[in-house]
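# What the coordinates show
Next come the chains, spelled out residue by residue.
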Amino acid sequence: MAPAGASLRAAVLCLLAWAGLAAADRVYIHPFHLLVYSESSCEQLEKSNAEAPKEPTFTPVPIQAKTTPVDEEALREQLVLATEGLEEEDRLRAAKVGIMLNFLGFHMYRMLSESWSTASGAAILSPTALFGTLASFYLGALDPTASRLQAFLGVPGEDQGCTSRLDGHKVLSALHTIQGLLVAQGGASGQPRLLLSTVVGLFTAPGLRLKEPFVRGLAPFAPIALERSLDLSTDPDLAAEKINAFMQAVTGWKLNSPLSGVGPGSTLLFNTYVRFQGKLKGFSLLEGLQEFWVDNTTAVPVPMLSGTGTFQHWSDAQNNISMTRVPLGRSACLLLVQPQCMSGLQQVETLSFQHNFLTWLKNLSPRAIRLTMPQLTLQGSYDLQDLLAQARLPTLLGAEANLGKISDDQLRVGKAQCQPCQRAACFRETLSGRQTVALLSGMTHLCSGAAWTLCWGEEGLQFWPWRPLFGGHEPLCYVLNSVLFELKADEGEQPTESAQQPDGPEALEVTLNSPFLFAIYEQDSTALHFLGRVANPLSAA
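Residues numbered from 1 in each chain as written. Predicted model: local features only at pLDDT ≥ 70, side-chain atom pairs only at ≥ 80, totals over all residues. Heavy atoms only, no water.

### Topic: the overall build of the chain
A count of helices and strands for the chain gives 11 helices and 23 strands. Per-residue burial for the chain yields a buried fraction of 51% across its 541 residues. For the chain, the share of sequence-separated contacts (at least 6 apart) that also reach a separation of at least 24 residues comes to 76%. (Helix = DSSP H or I, 4+ residues; strand = E, 2+ residues; numbered from the N terminus. Buried < 20%, exposed > 50% of the residue type's maximum accessible area, 1.4 Å probe, protein only. Contact = heavy atoms within 4.5 Å.)

Here it is as structure tokens:
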């Protein structure tokens, strides 16, 4: 008798052969067919590329030029309008992009969290802003950069044919739908209105010309793109101050100077700014300040919100996790994840923000709850190139990136500063131990594949977590994402899923007065708009 394994392999081969025959007469459908170019679009592109004149360009006005303030209410109305009359294909396209940005968001959140210490007060990441920024660069890229960006966004290029290529306009249009589906929740079922504003700042060296089609193409992701020129090289710190002052004046947002320095070789900075403002229906601000325990021995006074009602809840004692779902509308919600042991935040964070995170929603069940949590005003800023470097892609938007659809000029997209040390040795972590890769002198340079950098400096031996660093002529991109996140009480009415005094068992007390995680989720698009941790509500991210 043949072994069971051999029989199983034979059966599988037969099934695959049968499936191949059954599918032989079918038309192949690309798994991302809603986001790639169609055959007719490819034919039109080929024709237009052969006949089209040179793309029009323009020089951004100086940063001191008068600018109309951002009208956030108008931005919200545009997003809501985008969700009216959506066809099924539009919703499917949005759901596909939602899955892609969630996966990318989890991956980059993990990269970002590796730089946080246990004492990090608060941190927040916007997967939609992250994905939108990279998709914007894809819109402005040519091969080989475009192919690498497409693969990083989650769509392999396969045969590199036109019908396997992402249509950047479709992707950004789907992202616009995703943003609209979130803010359209406001007013539904009497819910308070949500606010989501996205602004892009394109800051260039004087004389650099940008291509008009690229800037116009950003509109679905960021309806307001502010193109301004200034001297980025003479005094980098002064340039950063001017950019921060300009953005605060135009938006009115209280930003804690997200940009701290500009590399002297830079000719372009691409900065994305996002503001979210939500209110919890039926919650009220408690009188006086309440204690929030940063650790077992330290408490800080913070404003707290409280509301009583029937909420979706789940508790898992084995994994030290509890989750509570707070509605923000028909299909949008705030997800609160709390370790049942105060010291278990990092362990819970490792378990939570992974690709299967949303499957936890199936475990939720209605429960009468009195929920108490901090009022949140969080800020976060991060350089995408730092995250790309940690993801072992330090050159994706580096000096050799082909961004020919953004400008015909030679672009140097922001330069990150090198960490100096007298001598540096780079090591690679292997299964058999640490292996020396190279020994360097002077400024620290990138050791390809290295996981750690060991520096002998004036302060003696220094052991740094691996971070790709460039010196000389190869600048890193400085592509900033800044997030302003506000969550407050909407005094007055009760939450959608609540009653004034819930019938049945006594309400469960759920109090988030110690470190916790949170996410903003919209079900129709499957998109996670924000991921964050709160270890100290008084600390900026």
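### Considering the environment of V413
Looking at the element boundaries, V413 is found in the loop between α11 (384-390) and β16 (423-430). Taking the C-alpha atoms as reference, V413 lies 9.8 Å from L403; in sequence the two are 10 residues apart.

### Points about the layout of surface pockets
By volume, the largest pocket amounts to about 980 Å³. What lines the largest pocket is a set of 28 residues, and nearest its centre among them are Y37, L45, N49, E55 and K405. Sorting elements by how many residues they give to the lining of the largest pocket places helix α2 (residues 39-51) first, with seven residues. Across the lining of the largest pocket, the residue classes break down as 14 nonpolar, eight polar and six charged. (1 Å grid on protein atoms, 1.4 Å probe; cavity = no way out; pocket = protein on both sides within 12 Å on 5 of 7 lines; lining within 4 Å. Points joined across faces, edges and corners; volume = space filled by probe spheres on them. Nonpolar A, V, L, I, M, F, W, Y, C, P; charged D, E, K, R; others polar.)

### A closer look at the packing of helix α3 (residues 72-82) against helix α7 (residues 168-183)
Relative orientation of the contacting elements α3 and α7 amounts to 105°, with a least axis distance of 7 Å. Here α3 lies roughly perpendicular to α7, going by the angle between them. Two secondary-structure elements touch here, α3 through R76, Q78, L79, V80 and A82 and α7 through H176, Q179, G180 and V183. Class assignment of the residues belonging to the contact of α3 with α7 gives a composition of four nonpolar, four polar and one charged. (Axes fitted to C-alpha atoms, helices over the stretch in contact; angles between N-to-C directions. Parallel < 35°, antiparallel > 145°, perpendicular 65-115°, else oblique.)

### Regarding the pairing of strand β7 (residues 268-281)
Of all 14 residues making up β7, 12 are buried, and the element is well covered by its neighbours. Bridge count between strand β4 (residues 195-204) and β7: 10 bridges; the pairing is antiparallel. Directly across from T198, in β7, lies its bridge partner V274. Judged from the 12 bridges that link them, β7 and strand β20 (residues 479-490) form a sheet pairing that is parallel. Pairing of T272 across the sheet is with N481, part of β20. (Pairing = 2+ DSSP bridges.)

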